[in-house]
Structure formats: C-alpha cells, structure tokens
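Read off the chains here:
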Amino acid sequence: MKLTVYLAGQIHDDWRKDLEKKAEEKGLPVQFVSPQTNHDRSDSIGEDILGEQPGNIYRDDTASSINNLRTKILLNKSDLVIALFGEKYKQWNTAMDAATAINQDIPTILIRPESLHHPLKELSNKANVTVETIDQALEVIEYIFE
C-alpha cells in the first residue's frame, strides 16, 4: 500500500523538503502532493493562462480560481492531509485546506507549535491527530504501516 499525502501549509520555507527527506529515510511508502509552492507562479497563473487582467483584484481572482481547482483535485486524490501551521506567517490557506479535508472526511494531521494551541483549538479538535513537529507527524504515518 502506498499513501498519497497532501502537504498543506505555508510556502515560504522548505519544511516540505525536510519532511519528504525524513519520510524517505524511514522508507515510508508515501508520495507527496501540495499546493503550488512557487509563489510567483501561483500569483500569476491566471494571467499566464487568461492574459493580462484589468487590475489586481481580477488578477487575484483568476489566479485563485485556478489554484483552488488544483488544490481540490489534489486534496480529493489524497489519502491523508498534513497541515503545518508555523508561527511566522498568516496561515489562511492552511486553515482552508485543513478544514476542507476535515469536511470531506480526509484523514488530517495538524502540525502546530504549542503557542498556537489556543487559536487552532477548534480546528485541532476536528482533525484526527494534532502534533507539534514534522517528526511526530511522520511517526503517526509510520504507525499506520506497523
């Protein structure tokens, strides 16, 4: 059995590469998918496909429609979602992806530091598992295969 794992979370550092490397070192039979992690590509995809838009609101709207389609397809094909919340950036998309997964009954692991316990308490309560580190999330996945 091989699991497809959607990695929801901020795209401004390489936490995904770290998690993927550790999963590979553990020999976990998983493949990872994620939102578009190239920020410029994500922001420009609407204009790249549909042409120049008449303003920033239209530019954002066309890009978000295409990004939402991509996310919906990848989430729906995933066996598990890992949603990482960090302390440095606002996590609107992470919260949206985690809530979508939970509402679609896709098993979900939240990763959040203790300092975000209070603001994420409701979301954490709905997730299947909440941990504080990517190592702990990988241990949960590892346990699935025991």
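First things first, this report covers the structure right here in the doc. Position labels on residues start from 1 in each chain and follow its written sequence. In view of the model being predicted, local features appear only for residues whose pLDDT reaches at least 70, and side-chain atom pairs are presented and counted only at 80 or more, with totals across whole chains, interfaces and linings using the full set of residues. Just so you know, side-chain values use all the structure's heavy atoms and leave hydrogens and water out.

**Focus: the nonpolar core**
Thinking step 1. Among the buried residues, those of types Ala, Val, Leu, Ile, Met, Phe, Trp, Tyr and Cys that are joined through side-chain atoms within 4.5 Å form a nonpolar core. Type-normalised accessible area, obtained with a 1.4 Å probe on protein chains alone, sets the label of each residue: buried when under 20%, exposed when over 50%, and partly exposed for intermediate values. Judged by nonpolar contacts, the single largest core of 18 residues is most densely connected at Val 5, Leu 19, Val 30, Ile 82, Ile 109, Ile 111 and Ile 141.
Thinking step 2. For the purposes of this entry, the term helix denotes a DSSP run of H or I that reaches at least four residues, the term strand denotes a run of E that reaches at least two, and both are numbered from the N terminus. Only β1 (3–9), α1 (15–26), β3 (80–84), β4 (108–111) and α6 (134–144) provide two or more residues apiece to this core.
Thinking step 3. For this core, the leading source of residues is α6, giving four residues.
Thinking step 4. By the convention used here, residues are in contact when the closest approach between their heavy atoms is within 4.5 Å. In contact with Ile 109, other than residues within four places in its own chain, are Leu 80, Val 81, Ile 82, Ala 83, Val 129, Val 131, Ala 137, Val 140 and Ile 141.

**Things to note about the pairing of β4**
Thinking step 1. Covered by surrounding structure in β4 are Thr 108 and Leu 110 together with Ile 109 and Ile 111, the residues of both alternating faces.
Thinking step 2. For two strands to be treated as a pair, DSSP must find at least two bridges joining them. With four bridges connecting them, β3 and β4 associate as parallel partners. Pairing of Ile 82 across the sheet is with Ile 109, part of β4.
Thinking step 3. Alignment of β4 against strand β5 (residues 129–131), held across three bridges, turns out to be parallel. Directly across from Ile 111, in β5, lies its bridge partner Val 131.
Thinking step 4. By the criterion used throughout, a crossover qualifies as right-handed when its path from the first strand across the helix to the second strand runs clockwise, the strands pointing away from the viewer. Chirality of the crossover, the property in question, places the unit of β4, helix α5 (residues 121–126) and β5 among those that are right-handed.

**Thoughts on the sheet that holds strand β2 (residues 30–33)**
Thinking step 1. The strand order across the open sheet formed by five strands is β2-β1-β3-β4-β5, and the pairing between neighbours is parallel. Looking at strand neighbours, the two that pair on one side only are β2 and β5, the edges of this open sheet. Ignoring strand direction, the axes of neighbouring strands in this sheet form an average angle of 25 degrees.
Thinking step 2. Inter-axis angles, ranging from 0 to 180 degrees, are taken between N-to-C directions of lines fitted to C-alpha atoms, where helices are fitted over the stretch in contact. Sitting on the sheet, α1 touches β1, β2 and β3, and the angle it makes with β1 is about 155 degrees.

**Comments concerning the pattern of salt bridges**
Thinking step 1. A pair is scored as a salt bridge if a Lys or Arg side-chain nitrogen falls within 4 Å of a carboxyl oxygen belonging to Asp or Glu. Here the structure, examined in full by the defined rule, presents seven salt bridges.
Thinking step 2. Notably, a salt bridge pairs Asp 18 with Lys 22, separated by 3.8 Å at the nearest N-O pair. Here Lys 22 and Asp 18 lie together in helix α1, a separation of four residues that amounts to about one turn.
Thinking step 3. Accessibility expressed as a relative area gives 34% for Asp 18, which makes it partly exposed.
Thinking step 4. One salt bridge in this structure joins Asp 135 and Lys 22, with 2.9 Å as the shortest N-O distance. Highlighted residues: Asp 135 in helix α6 and Lys 22 in helix α1, separated in sequence by 113 residues.
Thinking step 5. The partly exposed category is assigned to Asp 135, whose relative accessible area is 33%.
Thinking step 6. Owing to a relative accessible area of 23%, Lys 22 belongs among the partly exposed residues under this scheme.

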